[in-house]
Amino acid sequence: MAKKVAFLQGNEAAAQGALYAGCKFFAGYPITPSTEVAEVMSAELPKIGGKFIQMEDEIGAMAAILGASLTGTKVLTSTSGPGLSLKQELIGYGCIAEIPCVIFNVMRGGPSTGMPTGPSQSDVMCAKWGTHGDHPAICLVPASVQETYEEMVRAFNLAEKYRTPVMVMPDEIVAHMRERIVFPEQGELEVINRTAPTVPPEQYKPYDTSFGDVPPLAAYGSGYKYHVTGLNKMQDGFPTTKAEIVQAEEERQIRKVEANKADIMKWEEYLVDDAEIVVVAYGSTSRSARFAVNEARKNGVKAGLFRLQTFWPFPEERLLELSKKVKAFITPEMNLGMCHGVVKGCIEGNAPVLGIFRVDGEPINPGQIVDKMKEVK
Amino acid sequence: MAFDYDKYIRPGKLPHIWCPGCGHGIVMKGLIRAIDTVGLDTKNTAIVSGIGCASRLPGYMDCCTLHTAHGRAAAFATGVKMAKPEMDVILVGGDGDGTAIGGNHFIHACRRNINMTYIILNNKIYGMTGGQFSPATPTGAKASTTPYGNPDPAFDIAKLAIGAGATFVARGTSFHANQIDKLIAEAIQHKGFSVVEILDDCPTTYGRRNKFKSVVEMMNHLKDIAVPVKAAEKMSPEQLEGKILTGVLFKEERPEYTSEYAKVIERAKAAK
């Protein structure tokens, strides 16, 4: 049987991907350019007995999904720059209390209100450093409508598997453009659900590390009574200031992601094997970069594309490896050098990193990247 | 036989953090008696709080307990209740947590009339941070950040709740301990968003700055200013000067949010 095909917008695909993953609860607040996600969820969720709620503000939306997740429900919120800033405290709450949730953030111009309808890639650092304190960070950066759908499914899987907030952050171009999408059939993509406890309720501890770095999470109302707090906590969920426990728990939360980087990270290498110039790009910018690499190859320039699909964790080791054999990296991005700085930080000075930075609300075009390649000596 | 509070308290989690003379323990005992009266199943009861002294209350209760971020109890609780309407959801918190940083979530929970009970322990001060003035601190009162007297007018929290759309609003005091459980029990049984404001005292950060010589004096003050709503009907405006009304202040029936959303689900399924 032929697969179902549609002509969809990135935001619509994100909502459809969330539904495929089993999302049953959405809380949000209207914000351009991500509102279509909320609109689709408000129409689709009640059809399957799910719940949609438009909250009084961005913080309330983040709080509501965390509360809903504790009942054993897969949850989503969507937002954009200013909303991401507002949600930060509670994203940290989700990290320390280890509550699975997905935050879909469309990157628009900033800081502050910035350019609400202009594309940007300037939230990628906010995804890792926005909330205070040390915490794990997972951030996926899709580059097409199809990929937005599939990465949404993966985002829910990662959130459930590692009991932590996961961000999916397309730029405004990916979120608003329309493309052909082929829907996966039921069962075609893996769907992961959080591990529920098997111990009797009186023995249950919500952060019991005898089950590994990701302890089972009981649903409220399933017979398990336990405590959740944003304070540094012990295995039973109650607050502590005991130095050795706080240190061990913080390190475990980071380790959940760091020790599983190979499972979480995803990138694409296009013509990288013999490349002398490697363009490191993500989101819509990576589409211009692919075009530029093809153009350069026609002119005999050995160029390649390293396309980030996961921004956090960042593939530091692979870029360090490549840095030993390339002449230069080029980092085109719609910000003033965020990925640029991260690449420089992980290649130990082995190669120059040339940046192309735009924050004028215009996409980076292939010509700019081809021109930059000419600067490589 | 004496009431057995222990069966509702988490083993090993006492003593509590509250100072000697604090009224919060009196309210907690009232809440426990109310839960017992109504017969709530603790496995299906969520107690949600924000940040502050009062917000530590859920941790002592043997239920599904959620100690959230400052001001966010109502929004977290809304998520719990929407996702699992069959759970009973009770919110607990202080005046600053609920009506300053959490004011927006508070009024919107009232407006939605979502079936939860919010117990606000109003001690008129931010106690945990050392006694800064809150939206409930009386004008002229001394706090650590109003050394020359508070220039701000105070919220009437019960009126705020009524104005925002809560369908059950009651007020008690920690002096009137025997009334607390009755007000909370009635609030829990009410279908809709119910608010129970309990005036209590912080002798440590409010009393000593505001010329209360002892906890007894603060308790007597609560006794003196409280007037039951029924009694107030027969009193003149002059007689009511400086008094606060206690008892059930407001009650009405209005469509409840999770029931209304159940109808949305029915309509969506019918339209499919």
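Bear in mind the structure is a predicted one, so any value in this text is a computation, not a measurement. (Residues numbered from 1 in each chain as written. Chains lettered and ligands numbered in written order. Predicted model: local features only at pLDDT ≥ 70, side-chain atom pairs only at ≥ 80, totals over all residues. Heavy atoms only, no water.)

Caption draft 1: How the structure looks around the pairing of strand 8 (residues 194-199) of chain B. Residue and element names in this part refer to chain B. Counted residue by residue, strand 8 has six buried out of six residues, so it is predominantly covered. The alternating pattern of strand 8 places S194, V196 and I198 and V195, E197 and L199 on opposite faces, both of which are buried. Note that strand 4 (residues 117-122) and strand 8 share six bridges and pair parallel. From the neighbouring strand, Y118 faces strand 8, where its bridge partner is V195. Here strand 7 (residues 168-173) runs beside strand 8; their pairing, made up of six bridges, is parallel. Along strand 8, the bridge assignment pairs R171 with E197. (Buried < 20%, exposed > 50% of the residue type's maximum accessible area, 1.4 Å probe, protein only. Helix = DSSP H or I, 4+ residues; strand = E, 2+ residues; numbered from the N terminus. Pairing = 2+ DSSP bridges.)

Caption draft 2: Structural detail: helix 3 (residues 58-69) of chain A. Spanning twelve residues, helix 3 of chain A covers 17 Å between terminal C-alpha atoms, matching the ideal 16 Å at 1.5 Å per step. Of all twelve residues that make up helix 3 of chain A, twelve are buried, and the element is covered over most of its length. Listing the buried residues of helix 3 of chain A in full gives E58(A), I59(A), G60(A), A61(A), M62(A), A63(A), A64(A), I65(A), L66(A), G67(A), A68(A) and S69(A). Close packing links the buried residues of helix 3 of chain A with strand 2 (25-28), strand 4 (75-80), helix 4 (81-97) and strand 5 (101-106) of chain A together with helix 3 (73-83) and helix 5 (103-112) of chain B. The N-cap of helix 3 of chain A, judged by a side-chain oxygen 3.2 Å from the amide nitrogen of I59(A) a few residues on, is D57(A). (Expected span 1.5 Å × (residues − 1). Contact = heavy atoms within 4.5 Å. Polar contact = N/O pair within 3.5 Å; in protein donor to acceptor, adjacent residues only side chain to side chain.)

Caption draft 3: Local environment of helix 6 (residues 145-162) of chain A. All names here are of chain A. Along its 18 residues, helix 6 runs 25 Å from first to last C-alpha, staying within 8% of the 26 Å computed at 1.5 Å per residue. Within helix 6, 16 of the 18 residues are buried, which leaves the element mostly enclosed by the surrounding structure. One or two steps after helix 6, the chain reaches R163, where phi turns positive at roughly 50 degrees.

Caption draft 4: Looking closely at the sheet that holds strand 7 (residues 165-168) of chain A. Ordered in space as 3-2-4-5-7-6-13 (chain A), the seven strands form an open sheet in which the pairing is mixed. With one partner strand each, in any of the chains shown, strand 3 (51-54) and strand 13 (310-312) of chain A form the two edges of the open sheet. Across four bridges, the pairing between strand 5 of chain A and strand 7 of chain A is parallel. Its bridge partner being in strand 7 of chain A, V102(A) is matched across the sheet by V166(A). Helix-sheet contacts for helix 3 of chain A involve strand 2, strand 4 and strand 5 of chain A, and the interaxial angle to strand 4 of chain A is about 165 degrees. The strands touched by helix 3 of chain B are strand 2 and strand 3 of chain A; relative to strand 3 of chain A, the strand with the most contacts, the crossing angle is about 150 degrees. (Axes fitted to C-alpha atoms, helices over the stretch in contact; angles between N-to-C directions.)

Caption draft 5: How the structure looks around the environment of C101(A). All names here are of chain A. Within the element layout of this structure, C101 appears in strand 5. According to the relative accessible area criterion, C101 is buried, its value standing at 1%. The sequence separation of C101 and V166 amounts to 65 residues, and the corresponding C-alpha distance is 6.3 Å.

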